[in-house]
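Listed below are the residues making up each chain.
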Amino acid sequence: QVQLVESGGGLVQPGGSLRLSCAASGSIFSINAMGWYRQAPGKQRELVATITYGGSTNYADSVKGRFTISRDNAKNTAYLQMNSLKPEDTAVYYCNADIRTRTDWVRARDYWGQGTQVTVSS
């Protein structure tokens, strides 16, 4: 009913930049918070950044000053601009959204994207 489609992952050198996109589609009534998570091999999935409908943001300490989360509500799309990338940023990045559907607007549910690989290596 609702899908999150991610794009923008790939291979980049240390110090480089990458921009991830997450487009939500389907029977959407409203989208509350959106966020980006990542999971490295053998590690637990961790929160990277979140953004509310009104634009309030929150970041993990490890990415503060380097990553910027944003959203375009008219397009139901969230972005993650990643600058000054480090090898330790290598992970699968997942988009998450708190969504109320048009058939069930009384409560929000979590939806996840399929994940996109980000590899930072020289």
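The coordinates are above.
Small disclaimer: the values here were computed from a predicted structure and weren't measured.

Student: What should I look at first to understand the overall build of the chain in this one?
Tutor: Secondary structure summary: the chain contains 0 helices and 11 strands in total. Along the chain, from the amino end to the carboxyl end, the secondary structure elements read β-β-β-β-β-β-β-β-β-β-β. For the chain, whose C-alpha radius of gyration is 14 Å, the value lies close to the compact-globule estimate of 14 Å for 122 residues. Referenced to the eigenvectors of the C-alpha coordinate spread, the extents of the chain come out at roughly 50 × 25 × 25 Å. Looking at the chain as a whole, 40% of its 122 residues qualify as buried. Long-range contacts, defined as pairs at least 24 residues apart, comprise 57% of the intrachain contacts of the chain with a sequence gap of at least 6. Accessible surface for the chain amounts to roughly 6,400 Å². Of this, 47% is attributable to carbon and sulfur atoms. Taking the average location of the 13 positive side-chain charges in the chain and that of its 9 negative ones, the two points are 3 Å from each other.

Student: Just checking my understanding: could you explain the pattern of salt bridges for this structure?
Tutor: Side chains carrying opposite charge are able to pair once their charged atoms draw close together. Summed over the entire model, instances satisfying the criterion amount to 5 salt bridges. With a shortest N-O distance of 3.0 Å, D89 and R38 are connected by a salt bridge. Of this pair, D89 sits in the loop between β8 (77-82) and β9 (91-101) while R38 is found in strand β4 (residues 28-39), placing the two residues 51 residues apart along the sequence. Residue classification places R38 among the buried positions, given a relative accessible area of 6%. A salt bridge links D61 to K64; the nearest nitrogen and oxygen atoms lie 3.1 Å apart. A relative accessible area of 49% means that K64 is categorised as partly exposed. Connected through shared salt-bridge partners, R38, E46, R66 and D89 make up one network.

Each value, and the rule that gives it
- Residues numbered from 1 in each chain as written.
- Predicted model: local features only at pLDDT ≥ 70, side-chain atom pairs only at ≥ 80, totals over all residues.
- Heavy atoms only, no water.
- Helix = DSSP H or I, 4+ residues; strand = E, 2+ residues; numbered from the N terminus.
- Rg over C-alpha atoms; globule rule 2.2 N^0.38 Å.
- Buried < 20%, exposed > 50% of the residue type's maximum accessible area, 1.4 Å probe, protein only.
- Contact = heavy atoms within 4.5 Å.
- Areas by Shrake-Rupley, 256 points an atom, 1.4 Å probe, with all protein chains shown as cover.
- Lys, Arg positive; Asp, Glu negative; His and termini not counted.
- Charge placed at Lys NZ, Arg CZ, Asp CG, Glu CD.
- Salt bridge = Lys/Arg side-chain N within 4 Å of Asp/Glu carboxyl O.

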